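The residues making up each chain are set out below.
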Amino acid sequence: MKRALTTLCLLAFGAALHAAQPNIVILYADDMGYGDLGIQNPQSKIPTPNLDKLAKAGMRFTDAHSSSGICTPSRYALLEGRYHWRKFHGIVNSFDQPIMDDEKQTVAEMLKAKGYQTACIGKWHLGWDWESIKKPGAELQGDGKKKSFAPGAFDWSKPIAGGPLSHGFDYYFGDDVPNFPPYACFENDRVITTPTVALTTTAPTAEGSWEARPGPSVKDWDFWAVMPTLTTKAEEWIGKQQKDKPFFLYFPFTSPHAPIVPAKEFVGKSGANGYGDYVVQTDDTVGRVLAALEKHGFADNTLVIFSADNGPEQYAYERIKNFGHRSMGELRGLKRDIWEGGHRVPFVVKWPGVVPAGKVNDGLISQIDIYATIAAIVGGDIPAGSAEDSFNQLALIKGEGPSARDTVVHNTNANGYALRHGDWVLVDAKSGSVTKVPAWFDEANGYAKNTQPGELYNLKDDVAEKKNLYSEMPEKVAELKALLAKVREKGQVR
């Protein structure tokens, strides 16, 4: 009898706890591959104990996708619940204007309307209204890729519209983009550390090139301090939240994107060179955020989602050769590619008492679906014209039903689309590659040169996309081409 009462009390407590709106935390890694999540790659050379623990406490998805194979479009799609390619394909470059849609509701705006305190800490990379602070007559200087503005071209004391605060976030802290100017700290709608010099980089990175665009910088800007600073800010922000007001933290990391600059305490902690060490640091940030939620009593009523904006950068090929670590895991392709490795990414969901712990789910899910799923959780309204491609996947993440989606479009640039439908994927282009593939990799892994106008794979039997069935199954090709055209015409959901 006593045991039965205890069980009933626990169930009642759980029901009462989840009657309150859950806090929501999205942790978004930058250029982290499917095979960089240790629990997902038995041959991994990179320890990720905090992410592995998160996966064991929640549900790990093995067929989850970003909208694009590059940064800006995937972020746009996640926050707006729509395919990026309905508007654009490329990234927001240095000092570009905002790409977000003022007339569409973001997931942050939807949550704010439901009483949430909202914050974005980290890499924004969706543009700002730089014209509003640019001084009259200021022009780009230099030639080609070295073109940029002088530090004195802007009035850094003025607020800048078009950033996170213009799209539903109550608070922002970050450096906007780690390898783009201005190299400075932003807080809310202002640059709070004034750029006074042009960027100079001297010390070598731990792996790869700097990839840092020229432009205005704070004197002695410390790239190695960026991720530690962002992590501390996230911990502090969580610590300031109130138990009686739900919060939404969108934390897009700057790691493990280039420049690859792991802090000293992480150097040598992996078996996969500097990038591996930076992933270890990324994992440590996840652990610190989870610890902050626990410390302040939020862990039991917080939905945590971890994912990444696209697959790993081109250095992943040499990492295989030199260290035996496959950042894309068993998949084909890297960042930018429309093969699976370009957009099939780590995806872990934890929500105690709601999302079953220790489960692995092979249901098809897109980051675009986060919007409608959160709306279903909090009872949020989705106005007409917003989140038109976002499916409600609440039944899927609760383990109570199949995926609401059986079709998803993959795209990086205007010249190539791929369509996933059921087990099939059509690459409606000559190749799924955008990032150059070394000849030795194709030879070592049994990839033959494609002689067909497109590619067709059955992922159930061939997740590595080695057997192109394009010429053997013209009816399936025609079916998927027609479906792709239909999806491109209008929103998938609303």
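Scoring rules and cut-offs
- Residues numbered from 1 in each chain as written.
- Predicted model: local features only at pLDDT ≥ 70, side-chain atom pairs only at ≥ 80, totals over all residues.
- Heavy atoms only, no water.
- Axes fitted to C-alpha atoms, helices over the stretch in contact; angles between N-to-C directions.
- Helix = DSSP H or I, 4+ residues; strand = E, 2+ residues; numbered from the N terminus.
- Parallel < 35°, antiparallel > 145°, perpendicular 65-115°, else oblique.
- Contact = heavy atoms within 4.5 Å.
- Buried < 20%, exposed > 50% of the residue type's maximum accessible area, 1.4 Å probe, protein only.
- Pairing = 2+ DSSP bridges.
- Phe/Tyr/Trp six-rings, centres within 6.5 Å; stacked < 30°, edge-to-face > 60°.
- Lys NZ or Arg CZ within 6 Å of the ring centre and 35° of its normal.
- Salt bridge = Lys/Arg side-chain N within 4 Å of Asp/Glu carboxyl O.
- Nonpolar A, V, L, I, M, F, W, Y, C, P; charged D, E, K, R; others polar.
- pLDDT = per-residue confidence, 0-100.

Draft legend 1. Focus on the packing of helix α2 (residues 49-57) against helix α6 (residues 273-295). The N-to-C vectors of α2 and α6 enclose an angle of 55°; their axes lie 7 Å apart at closest approach. Taken together, the axis directions place α2 and α6 in an arrangement best described as oblique. For the pair α2 and α6, contact is made by P49, N50, L51 and L54 and by D283, D284, V286, G287 and L290, respectively.

Draft legend 2. Broad picture of the environment of V425. Residue placement: V425 occurs in strand β17 (residues 424-428). Exposure remark for V425: the relative accessible area of 0% places this residue in the buried category. When the C-alpha atoms of V425 and V463 are compared, they prove to be 9.9 Å apart, with 38 residues separating the residues in sequence.

Draft legend 3. Looking closely at the sheet that holds strand β18 (residues 455-458). Read across the sheet, four strands follow the order β15-β16-β17-β18 without closing on themselves; strand pairing throughout is antiparallel. At either margin of the open sheet sits one strand with a lone partner, and together these are β15 (407-411) and β18. In this sheet, adjacent strand axes meet at a mean angle of 15° when their direction is disregarded. Bridge count for strand β16 (residues 417-421) against β17 is five bridges, and the pairing is antiparallel. For H421, the partnering residue across the bridge sits in β17 and is W424.

Draft legend 4. Representation of the sheet that holds strand β5 (residues 171-176) in the model. The mixed open sheet is built from 10 strands, whose spatial order is β7-β6-β5-β4-β10-β1-β11-β12-β2-β13. Only two strands of the sheet have a single neighbouring strand rather than two, namely β7 (190-191) and β13 (359-361). Sheet topology note: the strand β4 (residues 117-123)/strand β10 (residues 247-252) ladder contains four bridges and is parallel. Pairing of Q117 across the sheet is with F247, part of β10. Across the sheet, α6 is in contact with β1 (23-29), β10 and β11 (302-308); its angle to β1 comes to roughly 170°. Across the face of the sheet, helix α8 (residues 369-378) comes into contact with β1, β11 and β12 (347-350) while running at roughly 165° to β1.

Draft legend 5. Spatial organisation of the packing of aromatic side chains. Scanning all chains against the criterion turns up 28 aromatic pairs. Considering the side-chain rings of F169 and F248, the 6.0 Å spacing of their centres and the 25° angle between planes classify their relative orientation as stacked. Residue F169 is found in the loop between β4 and β5, and its partner F248 is found in strand β10; the two are separated by 79 residues along the sequence. There is no split in this pair, since F169 and F248 are both buried. Within the aromatic cluster, the residues linked to one another by ring pairs are F95, W128, W130, F149, F154, W156, Y172 and F186. When the ring centre of F173 is taken as reference, the NZ or CZ atom of K233 above it lies at 4.7 Å. One residue, R332, lies across the ring of W339, its end atom 3.8 Å from the ring centre.

Draft legend 6. Representation of the pattern of salt bridges within the structure. Following the criterion strictly, the structure yields 26 salt bridges and no others. Salt-bridge contacts for R420 lead to D63; the nearest nitrogen and oxygen are separated by 2.5 Å. With R420 in strand β16 and D63 in the loop between β2 (59-61) and β3 (64-65), this residue pair connects regions lying 357 residues apart in the sequence. Of the charged contacts, one joins R332 and E455 as a salt bridge, the two residues approaching to 3.9 Å between their closest N and O atoms. Of the two residues, R332 is situated in the loop between α7 (316-323) and β12 and E455 in strand β18; the sequence distance between them amounts to 123 residues.

Draft legend 7. The environment of G90, seen in detail. Within the secondary structure, G90 sits in the loop between α3 (71-80) and α4 (107-113). Put simply, G90 and T72 are 18 residues apart on the chain and 7.2 Å apart in space, counted from C-alpha to C-alpha. Residues within four places of G90 in sequence aside, it is in contact with I70, T72 and P73.

Draft legend 8. Spotlight on the side chain of N41. The residue N41 is located in the loop between β1 and α2 in this model. Given the relative accessible area of 8%, N41 is considered buried. With sequence-adjacent residues up to four places away left out, N41 is seen in contact with G35, H325 and R326.

Draft legend 9. Focus on the packing of helix α5 (residues 226-239) against α6. It is at 9 Å that the axes of α5 and α6 come closest, and there the two elements cross at 10°. On the basis of their axis angle, the class for α5 and α6 is roughly parallel. Listed contacts from α6 to M227, P228, T231, T232, A234, E235 and I238 of α5 are Y278, Q281, T285, R288, V289, A292 and L293. Across the contact of α5 with α6, the residue classes tally to eight nonpolar, four polar and two charged.

Draft legend 10. Just the confidence of the model for the protein, in detail. In the predicted model, the protein carries a mean pLDDT of 95, and 96% of its residues have values of at least 70. For residues 4-18, every residue scores under 50 in pLDDT, and the model assigns this stretch eight contacts once sequence neighbours within four places are set aside.

Draft legend 11. Main features of unusual backbone geometry. Cis geometry is adopted by the peptide bond preceding P182, which originates at P181 and carries an omega value of 0°. Its location among the elements puts P182 in the loop between β5 and β6 (186-187). With an omega of 0°, the peptide bond running from S255 to P256 counts as cis. Position of P256 among the secondary structure elements: in the loop between β10 and α6. The phi dihedral of D176 falls on the positive side, at around 65°, and the residue is not glycine. Its location among the elements puts D176 in strand β5. Using a relative accessible area of 8% as the deciding quantity, one classes D176 as buried.

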